[in-house]
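# Observations on the model geometry
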Amino acid sequence: MSFRDWYRADRLPTIYCAGCGNGTVINCALHAVDTLGWRWEDTIFVSGIGCSSRAPGYIRTDSLHTTHGRALAFATGIKLARPELHVVVFTGDGDLAAIGGNHFIHACRRNVDMTVICMNNWIYGMTGGQGSPTTPRGAITTTTPYGSGEGVFDLSALAVAAGANHVARWTSYHVKELTNAIDAGLRTPGFSLIEVLTQCPTAYGRRNKLREVSDTIEYLKTHAILLQRYNRLVAEGKPVPEDMFTVGEFVRRNRPAMGVPP
Amino acid sequence: MKLAIDSSRCKGCNLCMLVCPYRIFKEGKEQNERGIILPELDRPERCPNCRLQKLYGRTLCGLCQMICPDQAIRWDDEAKNERQKVEVEF
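All figures in this text were calculated on a predicted structure; none of them were measured in a lab. (Residues numbered from 1 in each chain as written. Chains lettered and ligands numbered in written order. Predicted model: local features only at pLDDT ≥ 70, side-chain atom pairs only at ≥ 80, totals over all residues.)

This part takes up the overall build of chain B. Per the secondary structure count, chain B includes three helices and four strands. For chain B, the C-alpha radius of gyration of 13 Å lies close to 12 Å, the compact-globule estimate for 90 residues. For chain B, with 90 residues in total, the buried portion stands at 30%. Put simply, of all contacts in chain B between residues at least 6 apart along the chain, 62% involve residues at least 24 apart. (Helix = DSSP H or I, 4+ residues; strand = E, 2+ residues; numbered from the N terminus. Rg over C-alpha atoms; globule rule 2.2 N^0.38 Å. Buried ≥ 20, exposed ≤ 12 C-beta atoms within 10 Å, placed from the backbone. Contact = placed C-beta atoms within 7 Å.)

Here we take up the overall build of chain A. Assigned secondary structure in chain A consists of eight helices and ten strands. The contacts in chain A between residues at least 6 apart in sequence include a share of 67% that link residues at least 24 apart.

With that settled, the discussion passes to the sheet that holds strand β8 (residues 192-197) of chain A. All names here are of chain A. A sheet is described by the order of its strands in space; here eight strands give the open sequence β2-β1-β3-β4-β8-β7-β10-β9, paired in mixed fashion. Strands with a single pairing partner mark the edges of an open sheet, and in this sheet they are β2 (62-65) and β9 (224-226). Between one strand and the next, the sheet's axes are offset by a mean angle of 20°, whatever the strand orientation. In this sheet, strand β4 (residues 115-120) lies alongside strand β3 (residues 86-92) in parallel orientation, the contact comprising five bridges. Its bridge partner lying in β4, F90 is registered against I117. Strand contacts of helix α2 (residues 71-81): β1 (43-47), β2 and β3, with the helix running at about 180° to β3, the strand carrying the most contacts. (Pairing = 2+ DSSP bridges. Axes fitted to C-alpha atoms, helices over the stretch in contact; angles between N-to-C directions.)

Now for the interface of chain A and chain B. Each side of the interface is counted separately: chain A has 20 residues, and chain B has twelve residues. Looking at the side of chain A that touches chain B, the elements with two or more residues in it are α1 (22-36) and α7 (213-223) of chain A. Broken down by element, the side of chain A that touches chain B gets its largest block of residues, six residues, from α1(A). Its residues assigned to classes, the side of chain A that touches chain B comprises ten nonpolar, nine polar and one charged. (Nonpolar A, V, L, I, M, F, W, Y, C, P; charged D, E, K, R; others polar.)

Now for the nonpolar core. All names here are of chain A. Core analysis: the largest hydrophobic core is formed by 72 residues, its most contacted members being A29, V89, I117, I182 and V196. Sort the elements by how many residues they give to this core and α1 lands first, with seven residues. Beyond its immediate stretch of four places on either side in the chain, A29 contacts V88, I117 and I182. (Core = buried A, V, L, I, M, F, W, Y, C linked by C-beta atoms within 7 Å.)

This next bit is on unusual backbone geometry. The amide bond that connects L12(A) to the next residue, P13(A), takes the cis arrangement and shows omega of 0°. Considering the arrangement of structural elements, one finds P13(A) in the segment before α1. Phi is positive for D243(A), which is not a glycine, with a value near 35°. The backbone of N14(B) shows a phi angle near 60°, a positive value even though the residue is not glycine. Structurally, N14(B) can be placed in the loop between β1 (2-5) and α1 (15-19). Given 20 C-beta atoms within a 10 Å radius, N14(B) is considered buried.

Let us now look at the pairing of β1(B). The side chains of a regular strand alternate between the sheet's two faces. Residues and elements named next belong to chain B. With burial as the criterion, only one face of β1 is covered, namely that bearing L3 and I5; the residues K2 and A4 on the opposite face remain uncovered. Where β1 lies against strand β4 (residues 73-76), four bridges are found, and the strand directions are antiparallel. When the sheet's bridge partners are listed, A4 is paired in β4 with R74.

By themselves, these figures tell us nothing about what the structure is for.
Have a look at this one:
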């Protein structure tokens, strides 16, 4: 069985724009779930509102498409009622960081046994390109026409601080590493966040000189710096290149988790 | 096995062109009936996955299939007694 069997073939092609990274992330997530040997009946995908949250509609397992930002609250409910189910949450940056911010912090704090895959495309793509908490400084969106002047939310650092058991960040270009990270997240009991930076050529790239899909992929490829290399540069006191983001596994620990079947 | 692009799913983003280490995908020229320019295959028999997938019993490289956001890339079995071209790059 391959990950392609997890798709609802009658629902494809997806509604995503050409070159959207969300499809890649679903591929990687399903591949990880498939190699673990989980069954359709025991796996449930939960999502909120947004482009990323359309994902469970294309997967043949049971799923919940919930209210905006509240996917983690619903997933916590599932995990407490039926701890034997495997819960995977697909969510976006607007869903997780902006509207569901508090749910996110407290799901990390409670360490509920679930895997959260956050497709961070730096913008609210579905509603027309409004700036989100993860929009980089200086980026042009419909709500920040002169460039965003706000600080950027670092979701991975937030999850580490709030007490999640496994936190990793990759991009939609690094498919193999992303699959391995999701696999590690699914195996870890307790809360696991995998933040995936994806391209959004329609809402973000079009306004920020990344119009072609290859431009954003090139950006993700050249601006990602591995966590180990970043730490080495800092330890040696060498300058870290500007506007790079770290990728890799930030934390993996064994704090007491909630909702783990006995 | 042979490489195939599902023309009903592909949206022409050319991500496969970016990641294939063998440069099997190249930019297409003609639009299909949905107005999408599909990538063309340049000697797909060079793909190691086509030759060795059955032998090893697993997907070897598979980067194009994993990165394809529209699940349009697949490997098909050959028909019985179908003639196969073989090309190996060193």
